[in-house]
Amino acid sequence: YYHRGEDFGAVFERHAVLAAFAGVVEKSPLPHGDGRSNEIVVTRPDGVAFRASHCNVASIAPRLLPGAPVAAGEPIALTGNTNNGGFTMVSGTHLHCNLQAAGTRLGSYPFAVEAY
């Protein structure tokens, strides 16, 4: 099993999820969830996007609707356990993050290591 992006083990609704960079909300599961993994996508002016998944709707900042500006490092949600539209990640709770550009998901591990 392999997918592009990183999965970080986390306790649900315990850790802040921060915007990787400044940009505009392209996609948000608000107000009722997306029926999947509650993707939040923030896109920079150059088209590079940061995607965070599995946050519970109740913990996502209410102002994060499509078109809303986001500052680098701004808290956007708490880690969650949403998958397939429900609270289903009991033993494998994690935050999924990835970068994407021109519709292609990019491996973000080198950037995570550099940031750390």
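Residues numbered from 1 in each chain as written. Predicted model: local features only at pLDDT ≥ 70, side-chain atom pairs only at ≥ 80, totals over all residues. Heavy atoms only, no water.

Observations concerning the overall build of the chain
Spelled out, the test is: Helix numbers and strand numbers start at the N terminus; a helix is a DSSP run of H or I with at least 4 residues, a strand a run of E with at least 2. As a reference, a globule follows 2.2 Å times the number of residues to the power 0.38, and the radius of gyration itself is taken over C-alpha atoms. Throughout this description, buried means an accessible area under 20% of the type-specific maximum (1.4 Å probe, protein chains only), exposed means over 50%, and partly exposed covers the range between. The contact criterion used is simple: two residues touch if any of their non-hydrogen atoms lie within 4.5 Å. Accessibility throughout is a Shrake-Rupley quantity obtained with a 1.4 Å probe, and a residue counts as covered only by protein chains that appear here. Lys and Arg are tallied as positive, Asp and Glu as negative. Neither His nor the chain termini are counted. A charge is said to be at NZ when it belongs to Lys, at CZ for Arg, at CG for Asp and at CD for Glu.
Counting secondary structure elements, the chain contains one helix and eleven strands. In the chain, the succession of helices and strands from N to C terminus is β-β-β-β-β-β-β-β-β-β-β-α. Computed over the C-alpha atoms, the radius of gyration of the chain is 13 Å, within 12% of the 13 Å expected from 2.2 N^0.38 for a compact globule of 116 residues. In terms of principal-axis extent, the alpha carbons of the chain reach across some 35 × 30 × 25 Å. For the chain, with 116 residues in total, the buried portion stands at 43%. At a minimum sequence separation of 6, the contacts of the chain that also span at least 24 residues come to 66%. Total accessible area on the chain stands at roughly 6600 Å², and carbon and sulfur atoms take up 59% of it. Side-chain charges of the chain comprise 8 positive and 9 negative groups, with the mean position of each set lying 3 Å from the other.

A closer look at the nonpolar core
This is how it is decided: We call a set of buried Ala, Val, Leu, Ile, Met, Phe, Trp, Tyr and Cys residues a nonpolar core when their side-chain atoms join them within 4.5 Å.
One finds Phe50, Cys55, Ile60, Leu64, Val70 and Ile76 to be the most contacted residues of the largest nonpolar core, which totals 21 residues. If you list the elements that add at least two residues to this core, you get strand S4 (40-43), strand S5 (49-53), strand S7 (75-78) and strand S10 (94-101). The biggest single contributor to this core is S10, with three residues.

Section: the pattern of salt bridges
Threshold: When a carboxyl oxygen of Asp or Glu is within 4 Å of a side-chain nitrogen of Lys or Arg, the pair counts as a salt bridge.
Enumeration over the complete set of coordinates arrives at five salt bridges. The shortest N-O distance in the salt bridge between Glu39 and Arg51 comes to 2.3 Å. A residue pair is termed long-range when its members are at least 10 positions apart, and Glu39 in the loop between strand S3 (23-27) and S4 and Arg51 in strand S5 qualify at twelve residues. A relative accessible area of 8% means that Glu39 is categorised as buried. For Arg51, a relative accessible area of 8% translates into the label buried. In this structure, the salt-bridge partner of Glu39 is Arg105, at a minimum N-O distance of 3.5 Å. Of this pair, Glu39 sits in the loop between S3 and S4 while Arg105 sits in strand S11 (residues 104-106), and the two are 66 residues apart along the sequence.

What to know about unusual backbone geometry
With an omega of 5°, the peptide bond between Leu30 and Pro31 qualifies as cis. Secondary-structure assignment places Pro31 in the loop between S3 and S4. In this structure, Asn38 takes a positive phi of about 55° despite not being glycine. Take Asn38: its relative accessible area is 3%, and that puts it in the buried class.

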